[in-house]
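Letter by letter, the chains look like this.
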Amino acid sequence: MQWRGSGFVVLSWWWLIATIVGTGVLVIAFADLRWGGRIMAAGFLLGAVIRLVARPARKAGGLNVRSRTLDVAILAALGVALLVASATVRLDDPVTRSSASVTR
């Protein structure tokens, strides 16, 4: 829905991606770091796919920010980076003080 002269732009698919990523943030905060990261990565990767296949570009709504190639590259890079980061984080290693610290 677009209102003439108001500057209101339909964000359409953006709301879905924002909801998925927001859900991932809540899962990280209240449940599990790895699952939250996976949910966020899925949101960004879904956004990349939607931006890639949405024709014409205005159908992508709020995901249409830059050129199609750059939008897809940025969303895919964020998704892959989050997926790798959430898979490789060490959760069982306690934080220890370095040997350089002075013990009294």
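Presented here is an overview of the structure given in this document.

What counts, and at which threshold
Residues numbered from 1 in each chain as written. Predicted model: local features only at pLDDT ≥ 70, side-chain atom pairs only at ≥ 80, totals over all residues. Heavy atoms only, no water. Axes fitted to C-alpha atoms, helices over the stretch in contact; angles between N-to-C directions. Helix = DSSP H or I, 4+ residues; strand = E, 2+ residues; numbered from the N terminus. Parallel < 35°, antiparallel > 145°, perpendicular 65-115°, else oblique. Left-handed = near helix turned anticlockwise from the far one by under 90°. Contact = heavy atoms within 4.5 Å. Nonpolar A, V, L, I, M, F, W, Y, C, P; charged D, E, K, R; others polar. Phe/Tyr/Trp six-rings, centres within 6.5 Å; stacked < 30°, edge-to-face > 60°. Buried < 20%, exposed > 50% of the residue type's maximum accessible area, 1.4 Å probe, protein only. Salt bridge = Lys/Arg side-chain N within 4 Å of Asp/Glu carboxyl O.

**What about the packing of helix α1 (residues 13-30) against helix α2 (residues 33-53)?**
- Contact pair α1 / α2: the axes reach a minimum separation of 7 Å and the direction vectors enclose 170°. Compared by their axis directions, α1 and α2 come out roughly antiparallel. Helix-helix and strand crossings are classified by hand; for α1 and α2 the assignment is left-handed. For the pair α1 and α2, contact is made by W13, L16, I17, I20, V21, T23, G24, V25, V27 and I28 and by L33, W35, G36, G37, I39, M40, G43, F44, L46, G47 and I50, respectively.
- Its residues placed into classes, the contact of α1 with α2 shows 15 nonpolar, 6 polar and no charged.

**Re the packing of aromatic side chains**
- Taken as a whole and assessed by the stated rule, the structure comprises 1 aromatic pair.
- Note on W14 and W15: the rings are 4.9 Å apart at their centroids and 80° apart in plane angle, and the pair reads as edge-to-face.
- For W14, a relative accessible area of 34% translates into the label partly exposed.
- The exposure class assigned to W15 is exposed, which follows from its relative accessible area of 52%.

**Brief notes about the environment of A76**
- Tracing the chain through its elements places A76 in helix α3 (residues 68-88).
- A relative accessible area of 25% means that A76 is categorised as partly exposed.
- Distance from A76 to A41, taken between C-alpha atoms, is 8.7 Å for residues 35 residues apart in sequence.
- Those residues in contact with A76, other than ones at most four positions away along the chain, are L45 and A48.

**Focus: the packing of α2 against α3**
- Here α2 crosses α3 at 165°, and the two axes come no closer than 8 Å. By the angle class used here, α2 and α3 are roughly antiparallel. In this structure, α2 meets α3 at a crossing whose hand is left-handed. Taken together, the residues of α3 that come into contact with α2 (itself represented by R34, G37, R38, M40, A41, F44, L45, G47, A48, R51 and L52) are R68, D71, V72, L75, A76, L78, G79, V80, L82, L83, S86 and A87.
- Grouping the amino acids of the contact of α2 with α3 by side-chain chemistry returns 14 nonpolar, 4 polar and 5 charged.

**Topic: the pattern of salt bridges**
- Summed over the entire model, instances satisfying the criterion amount to 2 salt bridges.
- Across the pair R51 and D71 runs a salt bridge whose closest N-O atoms are separated by 2.9 Å. Note that R51 is positioned in helix α2 and D71 in helix α3, a separation of 20 residues in sequence. Of the two residues, R51 and D71, both sit in the buried class.
- For D71, a relative accessible area of 2% corresponds to the buried category.
- Three or more residues joined by partner-sharing salt bridges are found here, namely R51, R66 and D71.

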